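Listed below are the residues making up each chain.
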Amino acid sequence: MRRLISLLLLLIVALGIFLCFSGASFGAEGASRAGKLTEDKVNFGRRYASRGLEENKAGNIVASVVVNYRGFDTLGEVTVLFIAAVGLAAILHARREEATPSKAEPASLIVFTGCRFLFPLILLLGAYIFIHGHLTPGGGFQGGAVVASGFLLIYLGCRGRGLRSAGVAVAESLSGLAFLAVALVGLAVGGSFLLNFLPKGSAFALFSGGVIPLIYVAIGFKVGSELGGIIDNLSGEAR
Amino acid sequence: MVSPILLIAVPLGLAFAIPVLGLASKRVPRYVPVIAMLFNLVVSVSLLPHALKAPIVVRTAGWAPPYSIHLVAGPLGVLLSSLIALIGLLVAVYGIDYIREGAKVKYQILYILMLVGATGVVLTGDIFNLFVFFEVLCISSYALVAYRGDSTGVEAGAKYLIQGAIGSGLVLIGIGLVYGTFGTLTMADIAANVSSVGSFRLFVSLAFLITGFGVEAAIFPLNGWLPDAHSSAPSSISAILSGIAIKAGLYAIARVVYTVYGASSILPFLAVLGIVTLLIGEMCAFGQEDIKRLLAFSSIGQMGLILFALALASATGISGAVFLIVSHGLAKALLFLASGYMIYRTGSRDISSLNGIGKRMPIMSLCFTVGAFSLIGLPPFVGFASKFTIVRAVLGTGSTFFITLLAIGLIGTVIEGAYFLRIVQGFYFKPAPEDSPEQTEGKVPFSALVPVGLLAVLILTIGLFPGIVGRVLGPAADDLLDRTAYVQHVMGD
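Figured I'd write up the structure that's included with this text. Predicted model only: the values in this text are computed from it and were never measured.

Once that is clear, we can look at the overall build of chain B. Counting its regular elements, chain B contains 20 helices and two strands. Viewed in the frame of its principal axes, chain B has a C-alpha envelope of about 70 × 60 × 40 Å. Buried residues in chain B amount to 63% of all 493 residues. Considering only contacts in chain B between residues 6 or more positions apart, those separated by 24 or more positions represent 81%.

In terms of helices and strands, chain A carries 10 helices and zero strands. Reading the secondary structure of chain A in the N-to-C direction produces α-α-α-α-α-α-α-α-α-α. Here chain A, with 239 residues, has 41% of them falling under the buried criterion. Long-range pairs, those at least 24 residues apart, make up 68% of the contacts in chain A between residues at least 6 apart in sequence.

In this complex, chain B contributes 54 residues to the contact, which on the side of chain A involves 54 residues. Residue assignment for the side of chain B that touches chain A shows that the elements contributing at least two residues are helix H1 (6-24), helix H4 (104-123), helix H5 (127-145), helix H6 (151-182), helix H7 (187-193) and helix H8 (199-217) of chain B. Per element, the largest residue contribution to the side of chain B that touches chain A is 10 residues, and it comes from H5(B).

Residues and elements named next belong to chain B. The contact between helix H10 (residues 235-261) and helix H12 (residues 291-310) brings their axes to 11 Å, and the two run at 25°. Between H10 and H12, the angle is such that the two are roughly parallel. Crossing angle aside, the handedness with which H10 passes H12 is right-handed. When H10 is examined against H12, the residues Ser238, Ser242, Ile246, Leu250 and Ala254 are found in contact with a partner set consisting of Lys292, Leu295, Ala296, Ser299, Met303, Ile306, Leu307 and Leu310.

In this section: unusual backbone geometry. Residues and elements named next belong to chain B. In this structure, the amide linkage connecting Phe220 to the following residue, Pro221, adopts the cis form with an omega of 0°. Following the sequence through the fold, Pro221 ends up in the loop between H8 and helix H9 (226-232). Phi angles above zero are rare outside glycine, and Ala218 is one such case at about 60°. As for its position among the elements, Ala218 is in the loop between H8 and H9.

This brings us to the pairing of strand S2 (residues 70-73) of chain B. All names here are of chain B. Side chains His70 and Val72 of S2 all project onto a buried face; the interleaved residues Leu71 and Ala73 project onto the opposite face, where all are buried too. Examined bridge by bridge, strand S1 (residues 56-59) and S2 share four bridges and lie antiparallel to one another. Bridging from a neighbouring strand, Val58 pairs with Leu71 of S2.

Quick look at H6(B) now. Every α-helix winds through 3.6 residues per turn, so residues three or four apart in the chain are directed the same way. Under the 1.5 Å per step criterion, the end-to-end length of H6(B) is 46 Å for 32 residues, consistent within 8% with the ideal 46 Å. Where H6(B) ends, the next residue or the one after it, B:Gly183, has phi of about 70°, a positive value.

Take B:Lys106: it is sitting in helix H4. According to the C-beta neighbour criterion, B:Lys106 is buried, with 24 such atoms within 10 Å. With residues up to four places along the chain from it excluded, the contact list for B:Lys106 reads A:Val86, A:Ala89 and A:Ala90.

Residues and elements named next belong to chain A. Following the sequence through the fold, Pro137 ends up in the loop between helix H7 (109-131) and helix H8 (140-157). Judged by the 11 C-beta atoms lying within 10 Å of it, Pro137 is exposed. A C-alpha to C-alpha distance of 21 Å links Pro137 and Phe179, two positions 42 residues apart in sequence.

What counts, and where the lines are drawn
Residues numbered from 1 in each chain as written. Chains lettered and ligands numbered in written order. Predicted model: local features only at pLDDT ≥ 70, side-chain atom pairs only at ≥ 80, totals over all residues. Helix = DSSP H or I, 4+ residues; strand = E, 2+ residues; numbered from the N terminus. Buried ≥ 20, exposed ≤ 12 C-beta atoms within 10 Å, placed from the backbone. Contact = placed C-beta atoms within 7 Å. Axes fitted to C-alpha atoms, helices over the stretch in contact; angles between N-to-C directions. Parallel < 35°, antiparallel > 145°, perpendicular 65-115°, else oblique. Left-handed = near helix turned anticlockwise from the far one by under 90°. Pairing = 2+ DSSP bridges. Expected span 1.5 Å × (residues − 1).

Structure below.
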């Protein structure tokens, strides 16, 4: 009986959600169906697609939206990741003092050598992704995650080696400050936070898009060092 | 005039810089939150006269809304950001010596970021950006609740994390629906077009948003996490959580209901929820033996009263609600801070162990009493002025429905008076428990006396001269109620 009632309630909820999502069409049609909304005034998805390249000269329009039009959100998201990393370290700190270190078994020679061989290549790929974030799919978050996966490999393959926590702290501090500094220079120069104040160059060249590649590189370093720090903390727990 | 965006950018930069500063010196990081919040307080107060003339709309990336994110520093936003900075500053001073164990450097980072999140919530004009800052606020609170790393702290943090994450998920679904319907995320743009969409879809998205934000605002029945979280956190964090963080959730609800949706038909429902929250909070507080849990339940009760006053939809009602946000923020921060050192001194959180503490810690006990009397609503403290404004507003509506609810709600205030007076009576008129060990670590340092004393002085001063805050309350209420003016300011023409 209870199962029947909960099934019924679930159906009602599902029906409600279906009804409102079926009516909501995201993007262009949604705007025009809402009647009063004129297309260019409100439908900014279409506007970004049509004018974004010319306004920011960044070949990857997603980068333009993430770093410029909605860059303030990105700053917040980088902060959220930073909080997660710092919070995890703070909570594990108390337990770290009690834990007794146990000796880990070393990895086999093949794994050890393979990790050392792959590590620089992974870093190179990560750097490539965030340096080309304004040209090709991917960007600071993705590149940073790839970099962090390189550090994960080192932890798995070469026991006892890893990031130095002071290095992680410096990298995440400086990259975060670099993001903010670029944004604040925009405020000082043009009166608007995150303004794209540098010469934008021609689209699809490596040096184009104004401040977008700079910010993406800063995000890449920040995300890489934060995720690396999280891996460091968790592996310290397991060690 | 300084750009209001610095209220977010500067503390954020200081928080990012702390890891490097911490490498250079072990002592420096603990002073960084004080600097950050002092900066915010000065800037917020200097922005207040400008914001009273007209809301300051700040663009980011150089694009006009709705193409980019913007901040709207209106009277309400700047008043609340001043309150956040004021309480944040005092609690930061308190935290210099109060935090003695654990990852102290990381505590200071999380502390600043929590306040950055709250400031961002009250200043932003973009509904997705509201969500981002809300997450900044919530995630740093989860970590700070579990800061001590002991089992009760981690359990409370995990409970808070699970319920908060579900709430955030609901908010995100609500925002997704709004974006799908309107194709925009700017609150003013949505507000301008809200009448052109069928009411069913609006209702569903509004329900998602209210439920999601309601978890953080601790509205019954979404407040199961609060008593554990507020009582197991370090006292300085409890002060911020009770004084500021839950209000950010309530602000978000008010902004969405009034400015974005203009949904007046849902208000009676919110008023009933408010009174139910008030009664349940106060009744649970009455039975508590643990001082911090009692204060936490009392916060739930006060949040109910604020929600009820917000739901009155009149300028006086909202003024009263904002006034109560201010007075409860000051009083509850004071109570948590004072009880923090009392707990250090007695080594126990039991109310009975605090008996006779009036002789051993005279200043802390006196300040605690001021805070408790203000919360009950006794004149001449600020709590009286704010509760009186709410009563006047209810009588001003002349509606039987609201007057009946208020009459029921007054029972809550009576219960509140009963348990606070019982504690204060214990402080002064009951002998100390015989086997109480005198903890030497409970010696109150100067850095704790100053913020607690200042809070007590503020409560008394604003209580005697309510005009100090009163001048801003009217415009703050209009900021919330007057949708056309809000849309006009943000969108231009």
